Amino acid sequence: MAESPAKESYVKGSLTQVPFPKVLNFINQAGKTGILALSHGKRKVHIHCDRGEIVYVTSSYFPDLTLGEFLLK
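A brief report on the enclosed structure follows. Treat the numbers as computed from the prediction; the structure is a model and nothing was measured.

Let us look at the nonpolar core. Among the nonpolar cores identified, the biggest contains nine residues, and these are Val 23, Leu 24, Ile 27, Leu 36, Leu 38, Val 45, Ile 47, Cys 49 and Val 57. Residue assignment for this core shows that the elements contributing at least two residues are α1 (20–30), β1 (34–40) and β2 (43–50).

Given below as structure tokens:
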């Protein structure tokens, strides 16, 4: 019997309810792949994950920001 294709998952919430480090820890522990999109008004940050590991970050806050610099901030 063939399995049904995986559905896209989408979670929406506020970082005032769940601390950001807990969100990153969940993604890592669950081995999630996808993009964590954070926004505040027109400002956006996209954190790209592959099997729970952060691999790339894009940001309208700091367009030339590297992953290491982002994590330090």
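This part is about the layout of surface pockets. When its volume is computed, the largest pocket comes out at roughly 1,000 Å³. Along the wall of the largest pocket there are 24 residues; nearest its centre are Val 11, Lys 12, Ile 35, Leu 36 and Ala 37. Of all the elements in the fold, those that place two or more residues in the lining of the largest pocket are α1, β1 and β2. At six residues, β1 tops the list of elements feeding residues into the lining of the largest pocket. Its residues assigned to classes, the lining of the largest pocket comprises 13 nonpolar, seven polar and four charged.

What follows is about the pattern of salt bridges. Close approach of charged atoms allows side chains of opposite charge to pair. As enumerated under the stated definition, the model contains one salt bridge in all. Note that Arg 51 is salt-bridged to Asp 50, the shortest N-O span being 3.2 Å. Residue Arg 51 is classed as exposed on the basis of its relative accessible area, which comes to 62%.

About the thresholds
- Residues numbered from 1 in each chain as written.
- Predicted model: local features only at pLDDT ≥ 70, side-chain atom pairs only at ≥ 80, totals over all residues.
- Heavy atoms only, no water.
- Core = buried A, V, L, I, M, F, W, Y, C linked by side-chain atoms within 4.5 Å.
- Buried < 20%, exposed > 50% of the residue type's maximum accessible area, 1.4 Å probe, protein only.
- Helix = DSSP H or I, 4+ residues; strand = E, 2+ residues; numbered from the N terminus.
- 1 Å grid on protein atoms, 1.4 Å probe; cavity = no way out; pocket = protein on both sides within 12 Å on 5 of 7 lines; lining within 4 Å.
- Points joined across faces, edges and corners; volume = space filled by probe spheres on them.
- Nonpolar A, V, L, I, M, F, W, Y, C, P; charged D, E, K, R; others polar.
- Salt bridge = Lys/Arg side-chain N within 4 Å of Asp/Glu carboxyl O.

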